[in-house]
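Results of the structural survey
What follows is each chain in one-letter form.
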Amino acid sequence: MPSFSATEIAFLMVACQQVVLAFGWLAGAALMVESRRAALHWALYAALSAVSLVLFVVSVKPGIEPLRALANLCIVVSLVVLQRGVWAFFACPRPWLWHAAVLAAAGAATWYGLDPANGAWRVAVVSGALSALCLSVGWDMQREARARMELRWGAVLSVPLLLGGLVFGLRAGRAMVSPGTIVAEVTADSALNVSAAFSYLVIALVFQLTLVALVVTRGVVELRRASRYDALTGLLNRRAAQEALEDELQRSRRLGEPFSVLMIDADHFKSINDLHGHAVGDRALQHLGTLLSAQMRDIDRVGRWGGEEFIVLLPGTPLAQAQEVAERLRERTQALPPRWQERAVPLTVSLGVSQWAGPSDELSALMARADAAMYRAKANGRNRVEVEPPPGAPRVSVVR
């Protein structure tokens, strides 16, 4: 039975941890469709980390320098795989130039460092490469998490990697400053090495937990998005649009600013479905949603109210200005019809415009006026804009 030192046992414990995590990511890959490529990358990262640690323990014995060099390469490759997994998770593919340069430098250093006399150079270059990879992965994670997932705490995800980058960077610096002692320190059975191994165990576990948190958070973000956005058009759904209207009502009551609402209905939409099929009808709705969003300001809100009806909230906009916006949308819709199989599908809209009348005006009354104006536009020939009717005007029934 071979006997292991305390340092070797500590590194083997870390290796066992990485093996368990590798199987965990493999199991996760079977369940996570959208994150499968990332999970497979992270499983390979954990497996290569375990292999590198086992090789390092074996290579501590004298005369097995090639295994130590292979251990160095495995840990560098593992971080390359880790970063590519992060890129796959955020769907931001990058070229191999950066990783090819790192792998080439690490490979040359390990080959040159096969001679024990050059061991310090191997430690310096490989540790420097590991430090650069850790910092690069940490930067990518926090940047993409903040940009794509809108996580304010995205910087927290990079903390374990920043610590790892710092440790590897200090090790590279020590190899340059004290080349005669760094190689001996790495292989020595010392309390420092045991502490370093257990520290790595904790850092590696925390980092893996951040990856899990990343996956869970994206799932929560997607569920939240599905509860607020229409699946077909990508616009706010009726519930989210209603919330936006209520928020604007409260804001306007506090500040005394006007706001207006546009109620929009696609003309003869049933005919589009009957003549061309529901796939063309869906394409027309998607096109209309994209067109409406493209014409709006950042503070405006566009939602699908139901079926072929859309709603536009215009904060700080009085009735006359809202009517101009509605007319511009009408003209734009008529001028840019959706296309299906290289053919234009005629599409027009009827729009009703209503303005909030002041603190006593309820949201239900505002929406009723916008809806009545839209029905009046359809009754008067469609493809037109009508403003809210005067008080007491009867509601017009229109067959769509």
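Figured I'd write up the structure that's included with this text.

Quick notes on the rules
- Residues numbered from 1 in each chain as written.
- Predicted model: local features only at pLDDT ≥ 70, side-chain atom pairs only at ≥ 80, totals over all residues.
- Heavy atoms only, no water.
- Axes fitted to C-alpha atoms, helices over the stretch in contact; angles between N-to-C directions.
- Helix = DSSP H or I, 4+ residues; strand = E, 2+ residues; numbered from the N terminus.
- Parallel < 35°, antiparallel > 145°, perpendicular 65-115°, else oblique.
- Contact = heavy atoms within 4.5 Å.
- Nonpolar A, V, L, I, M, F, W, Y, C, P; charged D, E, K, R; others polar.
- Pairing = 2+ DSSP bridges.
- Left-handed = near helix turned anticlockwise from the far one by under 90°.
- Buried < 20%, exposed > 50% of the residue type's maximum accessible area, 1.4 Å probe, protein only.
- Phe/Tyr/Trp six-rings, centres within 6.5 Å; stacked < 30°, edge-to-face > 60°.

Pairs of packed helices are described in terms of their axes, by the angle between the two and the distance that separates them. Viewed as axis vectors pointing N to C, helix H10 (residues 269-276) and helix H11 (residues 278-294) meet at an angle of 140°, and their least axial separation amounts to 7 Å. As the angle between them shows, H10 and H11 are arranged oblique. Two secondary-structure elements touch here, H10 through Phe269, Ile272, Asn273 and His276 and H11 through His278, Val280, Gly281, Ala284 and Leu285. For the contact of H10 with H11, the class distribution of residues is five nonpolar, four polar and no charged.

This part is about the sheet that holds strand E2 (residues 301-306). Strand order in this open sheet of five strands is E2-E3-E1-E6-E7, and the pairing throughout is mixed. Every interior strand has two partners, whereas the edge strands, E2 and strand E7 (385-387), have only one. Pairwise comparison of adjacent strand axes, ignoring direction, gives a mean angle of 20° for this sheet. Inspection of the sheet shows E2 paired to strand E3 (residues 309-315) by five bridges, in the antiparallel sense. Residue pairing for E3: Val302 is matched across the bridge by Val312. In this fold helix H9 (residues 238-255) packs onto strand E1 (259-266), E2 and E3, with an angle of close to 25° to the strand it touches most, E3. The strands touched by helix H13 (residues 363-379) are E1, E2, E3, strand E6 (349-355) and E7; relative to E6, the strand with the most contacts, the crossing angle is about 145°.

The next subject is the packing of helix H4 (residues 97-112) against helix H5 (residues 119-148). Put simply, H4 and H5 touch, their axes get as near as 8 Å, and they point 160° apart. In terms of axis orientation, H4 runs roughly antiparallel to H5. In this structure, H4 meets H5 at a crossing whose hand is left-handed. Between H4, through Trp98, His99, Val102, Ala105, Ala106, Ala109, Thr110 and Tyr112, and H5, the contact on the second element is made entirely by Trp121, Arg122, Val125, Val126, Ala129, Ala132, Leu133 and Ser136. Classifying every residue of the contact of H4 with H5 by side-chain character gives 12 nonpolar, three polar and one charged.

Glancing now at the pairing of E3. On a regular strand, each side chain points to the face opposite its neighbour's, so the side chains alternate between the two faces of the sheet. The buried fraction of E3 is high, at seven of seven residues. Taking every second residue as pointing to the same face, both faces of E3 are buried, with Glu309, Ile311, Leu313 and Pro315 on one and Phe310, Val312 and Leu314 on the other. Strand direction decides the pairing type here: E1 and E3, joined by seven bridges, are antiparallel. Among the inter-strand pairings, Ile264 is bridged to a residue of E3, identified as Phe310. From the end of E2 to the start of E3, which pair antiparallel, there are two residues, and Gly307 there has a positive phi angle of about 60°.

Bringing the packing of aromatic side chains into the picture now. What the rule picks out here adds up to five aromatic pairs. Taken together, a centroid distance of 6.2 Å and an interplanar angle of 90° make the contact between Tyr45 and Phe207 edge-to-face. Here the residue Tyr45 occupies a position in helix H2 (residues 36-59), and Phe207 occupies one in helix H8 (residues 191-228), the gap between them amounting to 162 residues. In this structure, Tyr45 and Phe207 share a single accessibility class: buried. Pairing Phe259 with Trp356 gives two aromatic rings, centres 5.8 Å apart and planes at 15°, and the pair type is stacked.

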